[in-house]
Amino acid sequence: MPLVEIGKYLNMTTVNLLHIFKVSASDKWTIQFKGEAPIIHTVPRLLDDVIQKLHEKIEFNRRNNRRDIVNKFVLSGFVRCEKCNSLFSGRSQRYLVNGSQYNYISYYAHITKPRSACDGISTKRLEKLEQAVFETIFENIGDEPRFQKAIKDSLPDFKMIKDLKNKIKDGEVRLKKIQKDIDKLADALLDGILTKDTLKKKERDLLDEKASINKTLENDRNHLDSLPDIDEVKTKADKIRQ
């Protein structure tokens, strides 16, 4: 509400209202009696929930209910410069036609500051950019056969996953075999089958092999864990396309 209207409602002048808002309105209120130390009262915030809802509504309006924008810039915040990764933001410029009527030119502008920091494209007409983007989206999502092919091409093939799982299984089997061989070395020494030097060499060779297999297994397991679940990706992809 404008200050003038608030002043009429409260029967106060605009000057007094401004003084209250700028000087008196605070989260603390000080009272000082003559010859006494000032007494400071903390004023609790009584409208926290209301203020939070107002902020949320303002933010929602800023994103979704803007009335000061002639055109809706649906790609604002989604298009980035290929060179510096800065965002492009929607802009409009108006110009007079026949001395009384305004026409508008809409475009997306590179918002890097300072602009001289990047020599990429500075602006792009709205119609050309949006047409290119939405045609690309339709080709990859709206066209279902093409979309399914793109999903299939991006997924790891079943044979590779199966080979990776078999490799991990073989490594785990080999680790168990090595541990059994290490445990047998002590018995071989007690039975007189091996000398101490021979035992140390065999033990060192087995431990080196064990460490190498553990390292390979760790890499293979991390690789397998990083691969997407094929059925889950297909389900999500179909939901996205719809």
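Everything that follows concerns the structure shown earlier in this document.
Residue positions within a chain follow its written sequence, with the count starting from 1. The predicted nature of this model means local features are confined to residues of pLDDT at least 70 and side-chain atom pairs, given and counted, to a pLDDT of 80 or more, with totals for whole chains, interfaces and linings taken over all residues. Side-chain measures were taken over the full set of non-hydrogen atoms in the model, leaving aside hydrogen atoms and water.

Looking now at the overall build of the chain. By definition, any uninterrupted DSSP run of H or I lasting at least four residues is a helix, any uninterrupted run of E lasting at least two residues is a strand, and each is numbered from the N terminus. From N to C terminus, the chain includes 8 helices and 5 strands. When the helices and strands of the chain are read in sequence order from the N terminus, they spell out α-α-β-β-α-β-β-β-α-α-α-α-α. Its C-alpha atoms give the chain a radius of gyration of 36 Å, clearly above 18 Å, the size a compact globule of 242 residues would have. Relative accessible area decides the class of each residue, using a 1.4 Å probe on protein chains only: under 20% of the type maximum gives buried, over 50% gives exposed, and in between gives partly exposed. Scored against the burial criterion, the 242 residues of the chain give a buried share of 19%. Computation of the radius of gyration draws on C-alpha atoms, with the globule rule given as 2.2 Å multiplied by the number of residues to the power 0.38.

The next subject is the packing of aromatic side chains. Aromatic pairs are defined between Phe, Tyr and Trp rings, using the six-membered ring for Trp, whenever the two ring centres lie within 6.5 Å; interplanar angles under 30 degrees are classed as stacked, those over 60 as edge-to-face, and all others as tilted. Using the criterion set out here, one finds 1 aromatic pair in the structure. Measuring from ring centre to ring centre gives 5.8 Å for Phe73 and Tyr108, while their planes differ by 80 degrees; the resulting arrangement is edge-to-face. Of this pair, Phe73 sits in the loop between α3 (48-64) and β3 (88-97) while Tyr108 sits in strand β4 (residues 101-110), and the two are 35 residues apart along the sequence.

What follows deals with the sheet that holds strand β5 (residues 123-125). Pairing between strands requires that DSSP locate at least two bridges from one strand to the other. Overall, antiparallel pairing links the 3 strands, which are arranged β3-β4-β5 in an open sheet. Of all the strands in the sheet, the pair left with one neighbour each is β3 and β5. In this sheet, adjacent strand axes meet at a mean angle of 35 degrees when their direction is disregarded. Relative to β4, β3 is paired through 10 bridges, and the arrangement is antiparallel. Looking across to β4, one finds that Gly90 is bridged to Tyr108. Axis lines are fitted to C-alpha atoms, over the contacting stretch for helices. Their N-to-C directions set the angle, which ranges from 0 to 180 degrees.

A word on the nonpolar core. Definition used in this section: a nonpolar core is a set of buried Ala, Val, Leu, Ile, Met, Phe, Trp, Tyr and Cys residues joined via side-chain atoms within 4.5 Å. Counting 11 residues, the largest nonpolar core consists of Ile168, Leu175, Ile178, Ile182, Leu185, Ala188, Leu194, Leu199, Leu206, Ile213 and Leu217. Elements supplying a minimum of two residues to this core: α6 (158-190) and α7 (196-226). Here the element with the most residues in this core is α6; it accounts for 6 residues. We call two residues in contact whenever any of their non-hydrogen atoms come within 4.5 Å of each other. In contact with Ile182, other than residues within four places in its own chain, are Leu206 and Leu207. Within the second largest apolar cluster, 9 residues are counted, among which are Phe73, Cys81, Tyr108 and Leu126.

Here, a salt bridge means any side-chain nitrogen of Lys or Arg that lies within 4 Å of a carboxyl oxygen of Asp or Glu. Enumeration over the complete set of coordinates arrives at 6 salt bridges. A salt bridge links Glu172 to Arg221; the nearest nitrogen and oxygen atoms lie 2.8 Å apart. Here Arg221 lies in helix α7 and Glu172 lies in helix α6, a separation of 49 residues in the sequence.

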